[in-house]
Structures are given as structure tokens and as C-alpha cells.
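# Structure at a glance
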Amino acid sequence: MKDIFHEIEKTGAIDPVKLAFLKEMHQGTQGLQKDKDKMMAFMMNVAMKSREQNIKFTKDEMDIIIKLLKQNATPSENTMMDTIIKKGLNN
């Protein structure tokens, strides 16, 4: 995951405050990858925290983040990400 943050930093496409938020979020996901329910709860908490801190990602920023995350993910992790993204779009 360290490489992903390096790649994001190299693009310069995401504000450093947002990038710090992403790094903090990533640290919180450690150990949750195999538990879909815990991951969903964590992601909902992250969404609430981002609203409280007024951190909003543009569609382009989200596309970059998702693309880079998926490059290093297993097929099951990609499926989980797709599920989380679809649920997020429907809320």
C-alpha cells in the first residue's frame, strides 16, 4: 500500500490534507479485509468522519484512488471494493 500512496503523491492530483486522511483510513483498515461487515462499518465511520472534517473527494480523485487500490488487490478484495462502492452509490 505504501507504493499506492507514493503513486498518488507523484500525480499531485490529490491535496496533501486529503492524502493524509487516506493514509489514516488505510491504517484503520488493517485486519478488516476478510470481514465484509466490519469493513462496511469502518467505511461508514470514515464517511462520517470525512463529512465532519469537510473532506470531499472529487470523482477524478476517487477514480485515481480506486484504480490504484485495485492494481494491488486480490480478486476477492476487488469484489469487496466493488460491493462497497455500489452500496455507497446507492445511499
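For the structure itself, look to the data block above.
Presented here is an overview of the structure given in this document.

### Examining the overall build of the protein chain
Scanning the protein chain for helices and strands turns up five helices and zero strands. With 91 residues in all, the protein chain has 29% of them scored as buried. Within the structure as shown, the protein chain displays about 6,500 Å² of accessible surface, and the carbon and sulfur contribution to it stands at 55%.

### Things to note about helix H2 (residues 16-29)
The terminal C-alpha atoms of H2 lie 20 Å apart, and with 14 residues this matches the ideal 20 Å at 1.5 Å per residue to within 8%. Buried within H2 we find Lys 18, Leu 19, Phe 21, Leu 22, Met 25, His 26 and Thr 29. One side of H2 carries all its buried residues, which in axial view fall inside an arc of 155°. For H2, the exposed residues set more than 90 degrees away from the buried face come down to Pro 16, Val 17 and Gln 27. Residue Asp 15 occupies the N-cap position of H2, its side-chain oxygen lying 2.8 Å from the main-chain nitrogen of Val 17. Following H2 by one or two positions, Gly 31 has its phi on the positive side, about 90°.

### Observations regarding unusual backbone geometry
Although it is not a glycine, Asn 54 adopts a positive phi angle of roughly 55°. Note on placement: Asn 54 falls in the loop between helix H3 (36-52) and helix H4 (59-71).

### Focus on the packing of aromatic side chains
All chains considered together, the criterion is met by one aromatic pair. Seen from their ring centres, Phe 21 and Phe 57 are 6.4 Å apart, and the 40° between their planes marks the pair as tilted. In this pair, Phe 21 sits in helix H2 while Phe 57 sits in the loop between H3 and H4, placing the two residues 36 residues apart along the sequence. Judged by relative accessible area, Phe 21 falls into the buried class, the value being 6%. Assessed through its relative accessible area of 22%, Phe 57 is described here as partly exposed.

### A short note on the side chain of Lys 18
Inspection of the secondary structure assignment puts Lys 18 in helix H2. We classify Lys 18 as buried; its relative accessible area is 16%. Here Glu 61 takes part through its side chain, which lies 2.9 Å from a polar atom of the side chain of Lys 18. Setting aside anything within four residues of it in sequence, one finds Lys 18 in contact with Ile 55, Lys 56, Phe 57 and Glu 61.

So, how was this worked out
- Residues numbered from 1 in each chain as written.
- Predicted model: local features only at pLDDT ≥ 70, side-chain atom pairs only at ≥ 80, totals over all residues.
- Heavy atoms only, no water.
- Helix = DSSP H or I, 4+ residues; strand = E, 2+ residues; numbered from the N terminus.
- Buried < 20%, exposed > 50% of the residue type's maximum accessible area, 1.4 Å probe, protein only.
- Areas by Shrake-Rupley, 256 points an atom, 1.4 Å probe, with all protein chains shown as cover.
- Expected span 1.5 Å × (residues − 1).
- Arc of directions from axis to C-beta.
- Polar contact = N/O pair within 3.5 Å; in protein donor to acceptor, adjacent residues only side chain to side chain.
- Phe/Tyr/Trp six-rings, centres within 6.5 Å; stacked < 30°, edge-to-face > 60°.
- Contact = heavy atoms within 4.5 Å.

In short, the description is geometric, and any link to function would need to be established separately.
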